[in-house]
Amino acid sequence: MTIGQKIPATIVTGFLGAGKTTLIRNLLKNADGRRIALIVNEFGDMGFDGSLMNGCADPDCAAEEVVELTNGCICCTVADDFLPTMEMLLARDNPPEHIVIETSGLALPQPLVRAFSWPSVKTKVTVDGVVTVLDAAALAEGRIALDEAALEAQRAADDALDHESPVEELFHDQLTCADLVVLNKADLISSDALAKVRAKISADVRDSVHIVSSEKGTLPIEVLLGRQSAAEHDMAARHEHHHHDHDDDHGHDEHEHDGDHDHDDEHHHHHHDDFESHVLPVSAFASLKAAEAKVLEAMALKGVLRIKGALVIDGKAAPAMVQAVGPRVETWFAAGAESSGRLVVIGLKGLDLEDVKTLLGSTAEAA
Ligand SMILES: Nc1nc2c(ncn2[C@@H]2O[C@H](COP(=O)(O)OP(=O)(O)OP(=O)(O)O)[C@@H](O)[C@H]2O)c(=O)[nH]1
């Protein structure tokens, strides 16, 4: 399924916990023998999603190769990390038929798309599509306000806020860059609420962009792959259409890379500076219920956006995997997985780590 001679690459972006990993796992299961390479960019020290996928015992899991980029946000490590990985994949005797890249929930997609104009990559790979996964349930609850008027009111009311919050900017950038928007977690809301979310989002995406809803990211492979958007040639349209002050200062710089390895998003604020992540070793919990309650409490602490990892439960041989987003905590036992208690906590910079550690019973932070 190459476009001309070029290998198509699908970029999966979306906010923390929206369901990117879930969607990709479904995609790989339905890959019908296609050789798909997966590049995972995980924010923080522990490539947890990558190890989940590597450890995928599913015989249908068709990931040809999983490559993890764990050195932080793609938008700052394009030159050092992402491009060499791409070059390595392309140099293989049997290169992949399709490349899927899962960006960290905190990454801007635009710098990554621009990296496809890099000399060593642009003749061999093209962006097939940018898929932006959204948590429709969170949006229905207004947890990421898309309403500009409401945002303006909020900013006006708070002197401390002199610019739109990074989370909002990031969210808009992820939407503006999309070729396909997936309203995921549709199972958690009513069809009325979903219709409202769809209407709000459609005002924020480019005209040609499809918006689909999904449950657990289950979508036909034909919807996800083969969009042939060549996004790298279309960057002007993918910049923010909401002109923020910081953009006006610097203008829109959509030049192609010329090979000097300067980071191409210097005109952007580095949004990820406003986030932090920690890997915490945690001791065993007496029961799964007790563990879930503590994780839920920790999620409610100011600044905490996401908790995931593995926990040891007294009397259980298998570790309990944990996924927490907003007010939802999911757990399951994973036989065969490494059984040490470790949680990744991701949140806004300045979150109260001591409170988080106290709640989760962690005494240290992993090196
Ligand atoms: N109810 C429901 N839960 C979902 C759906 N999709 C994903 N989830 C759950 O939401 C949580 C987060 O999903 P992930 O796929 O890990 O999200 P992600 O976007 O990869 O998250 P990060 O890696 O933190 O950026 C997991 O507990 C999933 O099981 C869905 O459609 N419905």
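Residues numbered from 1 in each chain as written. Predicted model: local features only at pLDDT ≥ 70, side-chain atom pairs only at ≥ 80, totals over all residues.

Visitor: An account of the confidence of the model for the protein is requested, with residue identities and associated values reported.
Guide: Overall, the prediction assigns the protein a mean pLDDT of 74, with 69% of residues at 70 or greater. Ranking the elements of the protein by mean pLDDT puts helix α11 (residues 245-250) last with 33 and helix α12 (residues 288-299) first with 94. This model gives residues 159-165 a pLDDT under 50, and the stretch forms seven contacts once residues within four places in sequence are excluded. Among the prediction metrics, the complex's ipTM stands at 0.97, with pTM recorded as 0.69. (pLDDT = per-residue confidence, 0-100. Helix = DSSP H or I, 4+ residues; strand = E, 2+ residues; numbered from the N terminus. Contact = placed C-beta atoms within 7 Å.)

Visitor: Got a sec to walk through the nonpolar core? Specific residues and values, please.
Guide: The nonpolar side chains of a soluble globular protein tend to be buried, and buried together. Ranked by internal contacts, the top residues of the largest apolar core, which has 85 residues, are I11, I99, L134, A136, V182, I307 and V322. Looking at which element gives the most residues to this core, the answer is strand β5 (residues 125-135), with six residues. Shared between two domains, this core holds at least three residues of each, these being domain 1 (7-269) and domain 2 (275-360). (Core = buried A, V, L, I, M, F, W, Y, C linked by C-beta atoms within 7 Å. Buried ≥ 20, exposed ≤ 12 C-beta atoms within 10 Å, placed from the backbone. Domains from an automatic or database assignment.)

Visitor: Please give an account of the packing of α12 against helix α13 (residues 353-360) that cites residues and values.
Guide: Orientation of α12 relative to α13, taken along the N-to-C sense of each, is 170°, at an axis distance of 9 Å. In terms of their interaxial angle, α12 and α13 are classed as roughly antiparallel. Only V356, L359 and L360 of α13 make contact with α12, whose side of the interface consists of K294, E297 and A298. Residues that form the contact of α12 with α13 fall into these classes: four nonpolar, no polar and two charged. (Axes fitted to C-alpha atoms, helices over the stretch in contact; angles between N-to-C directions. Parallel < 35°, antiparallel > 145°, perpendicular 65-115°, else oblique. Nonpolar A, V, L, I, M, F, W, Y, C, P; charged D, E, K, R; others polar.)

Visitor: Kindly report on unusual backbone geometry, identifying the contributing residues and their values.
Guide: Look at K185: it is not a glycine, yet its phi comes out positive at around 65°. Here K185 lies in the loop between β6 (180-184) and α9 (191-202). On the basis of neighbour count, K185 is assigned to the buried category, with 27 C-beta atoms found within 10 Å.

Visitor: Describe α13, naming the residues involved and giving the relevant values.
Guide: For α13, the complete set of buried residues consists of V356, L359 and L360. Looking straight down α13, one finds that the buried residues subtend no more than 90° of arc, so they occupy a single side. G361 sits one or two positions beyond α13 and adopts a positive phi of about 70°. (Arc of directions from axis to C-beta.)

Visitor: Can you explain the environment of L112? Please cite residues and give values.
Guide: Looking at the element boundaries, L112 is found in helix α4 (residues 109-114). A residue is classified by how many C-beta atoms lie within 10 Å of it, and L112, with 28 of them, is buried. In the structure, L112 is positioned 15 residues away from V127 in sequence and 9.9 Å away in space, judged by C-alpha atoms.

Visitor: Outline the pairing of strand β9 (residues 304-311), listing residues and values.
Guide: Burial analysis of β9 places eight of its eight residues in the buried class, the great majority of the element. Taken together, the six bridges between β9 and strand β12 (residues 342-348) define a ladder with antiparallel strand orientation. Bridge pairing in β12 places G309 opposite L343. As defined by bridge partners, β9 adjoins strand β10 (residues 320-325) across six bridges and the pair is classed as antiparallel. Each bridged residue has a counterpart across the sheet, and for I307 the counterpart in β10 is A324. (Pairing = 2+ DSSP bridges.)

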